[in-house]
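One letter stands for each residue in the lines below.
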Amino acid sequence: MKQINWNEKTSEKDFVIAILIIAGIAIAFFIYMNIPKNNEIKADIIEITSPNLTSQSISEKFINPALIDSKKTVNYQSNEGKNLLSKYKITKIPSLIIKSKNIQSLELDKNLFEIKDNTAILRNSAPYLDLNTNQIKGLVTLTIIKDSSCTECFDMSIIEPGMQKAGIVIKNTEIIDSLSEQGKELIKNNNIKTLPALIISDDIKEYIAFSELQKVLEKQNDGYKLSQPVYPYKEITTGKIKGKITVTYITNESCSNCPDITQATPTLENLGFIIVNEKFLNLSSNEAKQLITKYNIAKFPTFILSPEVSDYDLKDLLSQLGTFEKDSSFVFRETDKLQSNQNGG
């Protein structure tokens with residue numbers, strides 16, 4: 001029988017933030033993979049740029065500078081730039097042309113580069129100037145609709161740094177009060193039922209990270225919104241705050257070698273639960289006795305999660321560890337799987 005160690009952190013975290021972090025790690029991994037193990041591999045680079053975009057070099061995002069034998073920067077509007085655009089059928093700026101006798105050894109990401117013979121052309125990198133439309137694409141705007149009165153609600157602004165770590169360029173972040181005329185219009189036009197809400201502009205589609213992000217996004221009139229609310233949140237129709245959980249621990253203080261079940265809180269938080277309050281009861285107390293009778297608890301230590309636990313879509317997982325009661329509370333009952341306190345007598 002597998003034992004539970006509450007000191008071990010689970011790998012399941014708040015899905016929305018986790019997916020952003022995963023996307024960032026993926027991009028960092030791609031860059032790392034661009035650094036071959038053979039230090040003698042060299043590459044010649046032509047970087048095609050536009051004055052309408054950042055003047056910063058993008059080559060180092062994709063290849064180790066130590067591997068660059070020569071580097072040239074060309075304005076796409078110059079005669080040389082126009083010739084390169086025509087020769088390599090380039091329609092997005094900035095772009096990179098990488099030449100190397102060992103082009104495959106550079107391990108360039110094929111989702112970004114078109115590789116043929118000894119040449120690699122950067123085809124997908126945002127933000128960029130679309131030469132077909134003369135529009136800059138990939139500059140993302142975030143619109144946060146919040147209820148200013150809900151001080152307990154999730155701070156949606158913390159998602160922005162996660163997106164930036166994923167390589168997404170945020171042009172602007174606008175915070176809109178839900179009671180304002182603009183807020184009311186956004187709520188109506190985008191079928192928003194909970195607050196805070198986040199709307200991401202369509203430019204998000206220009207990024208490779210979108211393949212991961214779209215798992216938690218839903219297309220709406222003004223862009224993309226999160227397909228699931230982030231706890232704690234406020235229901236617009238009822239005004240109720242969802243996702244705030246109280247955990248009540250019932251222990252036997254006279255049992256020195258019983259497992260320390262109070263370490264469950266970090267594990268629950270790693271699963272995405274928002275624990276706002278903890279209560280610690282000895283099983284001999286009157287309050288504990290009432291709970292023991294109410295929920296027919298026979299094994300200790302244990303814990304009870306308040307009815308708000310049912311707000312979360314984790315019922316299948318928790319059902320393996322205990323029972324959901326008529327009042328929607330959860331009672332942990334797999335006490336036998338807990339690791340004993342080895343320091344106990």
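What comes next is a walk through the structure. (Residues numbered from 1 in each chain as written. Predicted model: local features only at pLDDT ≥ 70, side-chain atom pairs only at ≥ 80, totals over all residues. Heavy atoms only, no water.)

## Notes on the overall build of the protein
- Of the regular secondary structure elements, the protein holds eight helices and 21 strands.
- A total of 345 residues make up the protein; the buried ones form 43% of that total.
- Considering only contacts within the protein whose residues lie at least 6 apart along the sequence, 70% involve residues at least 24 apart.
- For the protein, the exposed area adds up to about 18,900 Å²; of that, 47% sits on carbon and sulfur atoms. (Helix = DSSP H or I, 4+ residues; strand = E, 2+ residues; numbered from the N terminus. Buried < 20%, exposed > 50% of the residue type's maximum accessible area, 1.4 Å probe, protein only. Contact = heavy atoms within 4.5 Å. Areas by Shrake-Rupley, 256 points an atom, 1.4 Å probe, with all protein chains shown as cover.)

## So, helix α7 (residues 286-295)
- For α7, the full list of buried residues reads A288, L291, I292 and Y295. Around the axis of α7, the buried residues are gathered within 100° of arc, so they sit on the same side. With respect to the buried face of α7, the exposed residues turned more than 90 degrees away are N286, Q290, T293 and K294.
- Summarising the contacts, the buried residues of α7 are in contact with β17 (244-251), β18 (274-282), β19 (302-305) and β21 (330-332).
- Residue N296 follows α7 closely and has a positive phi angle near 55°. (Arc of directions from axis to C-beta.)

## Re the nonpolar core
- Counting residues in hydrophobic clusters, the biggest one holds 23 residues, and the most contacted among them are V140, M163, I168, L198, I200 and I204.
- Sorting the residues of this core by element identifies β9 (140-146), α3 (159-165), β12 (197-200), α5 (210-213) and β14 (223-226) as the ones contributing at least two each.
- Counting residues per element, this core draws most heavily on β9, which supplies three residues.
- With 21 residues, the next largest nonpolar core counts Y233, V247, F303 and F332 among its residues. (Core = buried A, V, L, I, M, F, W, Y, C linked by side-chain atoms within 4.5 Å.)

## Describing unusual backbone geometry
- Geometrically, the link from L195 to P196 is a cis peptide bond, its omega value of 5° lying close to zero.
- For the bond running from Y231 to P232, omega is -10°, close enough to zero to count as cis.
- Tracing the backbone through its elements, the reader meets P232 in the loop between β14 and β15 (233-235).
- Unusually for a residue other than glycine, N191 sits at a positive phi of about 55°.

## With respect to the state of the cysteines
- Counting across every chain of the model gives two disulfides.
- In this model C150 forms its disulfide with C153; the gap between the sulfur atoms is 1.9 Å. Taking the sign of the S-S torsion, about 85° here, the bridge from C150 to C153 comes out right-handed.
- You can call C150 buried: its relative accessible area is 12%.
- C153 gets classed as buried once you look at its relative accessible area, which sits at 15%.
- Note that C255 is cross-linked by a disulfide to C258, the S-S spacing being 1.9 Å. Across the S-S bond of C255 and C258 the torsion is about 90°, and the bridge reads as right-handed.
- For C258, a relative accessible area of 22% gives the class partly exposed. (Disulfide = S-S within 2.5 Å.)

## Concerning the environment of S50
- Among the structural elements, S50 can be located in the loop between β1 (43-49) and β2 (68-75).
- The class for S50 is buried, based on a relative accessible area of 5%.
- Beyond its immediate stretch of four places on either side in the chain, S50 contacts Y76, I93 and L129.

## Details of the sheet that holds strand β10 (residues 170-177)
- A sheet is described by the order of its strands in space; here five strands give the open sequence β10-β9-β12-β14-β13, paired in mixed fashion. Each end of this open sheet is capped by a strand with a single partner; those strands are β10 and β13 (217-220). Pairs of neighbouring strands in the sheet enclose a mean axial angle of 25°, with direction left out of account.
- Pairing analysis gives four bridges linking β9 to β12, with the strands arranged antiparallel. Residue I144 lies in a different strand from β12, and its bridge partner there is L198.
- Contacts from helix α4 (residues 181-189) reach β9, β10, β12 and β13, with the element oriented near 105° to β10. (Pairing = 2+ DSSP bridges. Axes fitted to C-alpha atoms, helices over the stretch in contact; angles between N-to-C directions.)

## So, the pairing of β14
- As judged from the two bridges shared by β12 and β14, these two strands associate in the antiparallel manner. Paired with I200 across the two strands is Y224, which belongs to β14.
- Judged from the four bridges that link them, β13 and β14 form a sheet pairing that is antiparallel. Bridge pairing links K219 to Y224 in β14.

## Let's talk about the packing of aromatic side chains
- Inspection of the entire model under this criterion finds ten aromatic pairs.
- Ring plane angle 70° and centroid distance 5.4 Å describe the contact between F210 and Y224, whose orientation is recorded as edge-to-face. In this pair, F210 sits in helix α5 while Y224 sits in strand β14, placing the two residues 14 residues apart along the sequence. Y224 shares its class with F210; the two are buried.
- Taken together, a centroid distance of 6.1 Å and an interplanar angle of 65° make the contact between Y249 and F303 edge-to-face. You can see Y249 sitting in strand β17 and its partner F303 sitting in strand β19, a full 54 residues away along the chain. Per residue, the accessibility class of Y249 equals that of F303, and both read buried.
- An aromatic cluster of three or more residues is present, and its members are Y249, F280, F303, F324, F330 and F332.
- When the ring centre of Y128 is taken as origin, the NZ or CZ atom of K92, which lies over that ring, is 4.7 Å away.
- Its guanidinium or amino end placed over the ring of F324, K315 lies 5.2 Å from that ring's centre, counting from NZ or CZ. (Phe/Tyr/Trp six-rings, centres within 6.5 Å; stacked < 30°, edge-to-face > 60°. Lys NZ or Arg CZ within 6 Å of the ring centre and 35° of its normal.)

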